[in-house]
Amino acid sequence: MPETVAATRRSRITPEREAELYEAVLDLLREVGYDALTMDAVAARTRSSKATLYRQWGGKAELVVKALRHFKPSHLEEIDTGSLRGDLHALVALEDDCTMEQNSALMRGIAMAMHHNDDLRQAFRDQIIDPEMGGFRQVLQRAVDRGEVRPDCPAIDFLLHMMVGGFATRALLDDQPPTRAFLTSYIDAVVLPALGVRTD
């Protein structure tokens, strides 16, 4: 869909109303999961018409991913503390432990749903994964430009994998949600050493 058309469609809803809709979508996701979530349920919860929802977002996958994207605390490329360690720690500090636990459970459910929903997987890649990878590339490039990371470091291509891995496997391996303390320690013990960055 052309950006101008999408922008025109979105402009019919105020930013405040859009935020309310996205919050309701995430609440429903937490309650019933992606597969059981319906546009009828979203319409009822938000007192919207189903036709309006389809006109604005096209379908469930697009609406869900837009809601996830809306509540991301920040774009990584906007964080610039002057060091890679500072940038990654600042990223972790954007969410408190309670929010991180909620988001971890939500993302586990979305990850499962993506296995058998091609439209969800594509929307998630286009609107979350690809922008996140771009943001991490910018952060790493700044670190390379400062001389913190060698440009030929083999771990450069795996920064996002490492960050997602620490977040996603905390519950699987330790039966605990990710926390600021865990992720900060993980960054210092695993991510930065892999990139050749000293933490002492």
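Look up a bit, the structure's there.
Residues numbered from 1 in each chain as written. Predicted model: local features only at pLDDT ≥ 70, side-chain atom pairs only at ≥ 80, totals over all residues. Heavy atoms only, no water.

Undergrad: I would appreciate a short explanation of the packing of aromatic side chains in the present structure.
TA: Each pair of aromatic rings is reported with the distance of its centres and the angle of its planes. A complete count under the given rule lists 2 aromatic pairs for this structure. Here the aromatic rings of Tyr-22 and Trp-57 are separated by 5.8 Å at their centres, their planes lie at 65°, and the arrangement is edge-to-face. Here Trp-57 lies in helix 4 (residues 50-57) and Tyr-22 lies in helix 2 (residues 15-32), a separation of 35 residues in the sequence. We classify Tyr-22 as buried; its relative accessible area is 3%. Using a relative accessible area of 5% as the deciding quantity, one classes Trp-57 as buried. Relative to Tyr-186, the ring of Phe-182 lies with its centre 6.2 Å away and its plane at 20°, an arrangement referred to as stacked. Of this pair, Phe-182 and Tyr-186 both sit in helix 10 (residues 180-194), 4 residues apart, roughly one helical turn. Residue Phe-182 is classed as partly exposed on the basis of its relative accessible area, which comes to 22%. (Phe/Tyr/Trp six-rings, centres within 6.5 Å; stacked < 30°, edge-to-face > 60°. Helix = DSSP H or I, 4+ residues; strand = E, 2+ residues; numbered from the N terminus. Buried < 20%, exposed > 50% of the residue type's maximum accessible area, 1.4 Å probe, protein only.)

Undergrad: Looking at this model, I keep getting lost on the pattern of salt bridges. Mind explaining?
TA: It is possible for side chains of opposite charge to pair when their charged atoms get near one another. A complete count under the given rule lists 15 salt bridges for this structure. In this structure, Asp-40 engages Lys-50 in a salt bridge whose closest nitrogen and oxygen atoms are separated by 3.1 Å. Pair noted here: Asp-40 is in helix 3 (residues 39-46) and Lys-50 is in helix 4, with a separation of 10 residues, a long-range link. Of the charged contacts in the structure, one is a salt bridge between Glu-62 and Lys-66, with a shortest N-O distance of 3.2 Å. On the criterion of helical spacing, the pair formed by Glu-62 and Lys-66 is a turn pair, its members being 4 residues apart in helix 5 (residues 60-70). Among the charged side chains, a salt-bridge network with shared partners connects Asp-80, Asp-87, Arg-142, Arg-146 and Glu-148. (Salt bridge = Lys/Arg side-chain N within 4 Å of Asp/Glu carboxyl O.)

Undergrad: Looking at this structure, how should I read the layout of surface pockets?
TA: Empty space among the atoms becomes visible once a probe the size of a water molecule is rolled across them. Space inside the largest pocket adds up to approximately 1,400 Å³. What lines the largest pocket is a set of 40 residues, and nearest its centre among them are Lys-72, Met-107, Phe-124, Val-164 and Phe-167. Put simply, the parts of the chain that give the lining of the largest pocket at least two residues each are helix 2, helix 6 (84-92), helix 7 (97-114), helix 8 (118-146) and helix 9 (159-174). Looking at the lining of the largest pocket element by element, the count peaks at 11 residues for helix 7. For the lining of the largest pocket, the per-class residue count stands at 24 nonpolar, 7 polar and 9 charged. (1 Å grid on protein atoms, 1.4 Å probe; cavity = no way out; pocket = protein on both sides within 12 Å on 5 of 7 lines; lining within 4 Å. Points joined across faces, edges and corners; volume = space filled by probe spheres on them. Nonpolar A, V, L, I, M, F, W, Y, C, P; charged D, E, K, R; others polar.)

Undergrad: Could you clarify how one ought to interpret the packing of helix 6 against helix 10 in this entry?
TA: The geometry of a pair of packed helices is captured by two quantities: the angle between their axes and the separation between those axes. Where helix 6 contacts helix 10, the axes come no closer than 9 Å and their chain directions differ by 155°. In terms of orientation, helix 6 lies roughly antiparallel with respect to helix 10. As for the relative orientation of helix 6 and helix 10, their crossing is right-handed in sense. Contacts from Leu-84, Arg-85, Leu-88, His-89 and Val-92 in helix 6 reach Arg-180, Leu-183, Thr-184, Ile-187, Asp-188, Val-191 and Leu-192 in helix 10. By residue class, the composition of the contact of helix 6 with helix 10 is 7 nonpolar, 2 polar and 3 charged. (Axes fitted to C-alpha atoms, helices over the stretch in contact; angles between N-to-C directions. Parallel < 35°, antiparallel > 145°, perpendicular 65-115°, else oblique. Left-handed = near helix turned anticlockwise from the far one by under 90°. Contact = heavy atoms within 4.5 Å.)

Undergrad: Whenever I open this one, helix 10 confuses me. Can you help?
TA: Along an α-helix, residues three or four positions apart point the same way, because every turn accommodates 3.6 residues. For helix 10, spanning 15 residues, the distance from its first C-alpha to its last is 20 Å, which sits close to the expected 21 Å at 1.5 Å a residue. Along helix 10, the residues that are buried comprise Leu-183, Tyr-186, Ile-187, Asp-188, Val-191 and Leu-192. Structurally, helix 10 contributes buried residues whose contacts are with helix 6, helix 7 and helix 9. One or two residues past the end of helix 10 sits Gly-196, with phi positive at roughly 80°. (Expected span 1.5 Å × (residues − 1).)

Undergrad: Would you mind showing me how to read the nonpolar core here?
TA: Generally speaking, a soluble globular protein has its nonpolar side chains buried in company with each other. Formed by 28 residues in total, the largest nonpolar core has its most connected members in Leu-29, Tyr-34, Leu-68, Ile-110 and Leu-120. At the level of secondary structure, the elements contributing two or more residues to this core comprise helix 2, helix 3, helix 4, helix 5, helix 7 and helix 8. With 26 residues, the next largest nonpolar core counts Phe-136, Leu-140, Ala-155 and Leu-195 among its residues. (Core = buried A, V, L, I, M, F, W, Y, C linked by side-chain atoms within 4.5 Å.)

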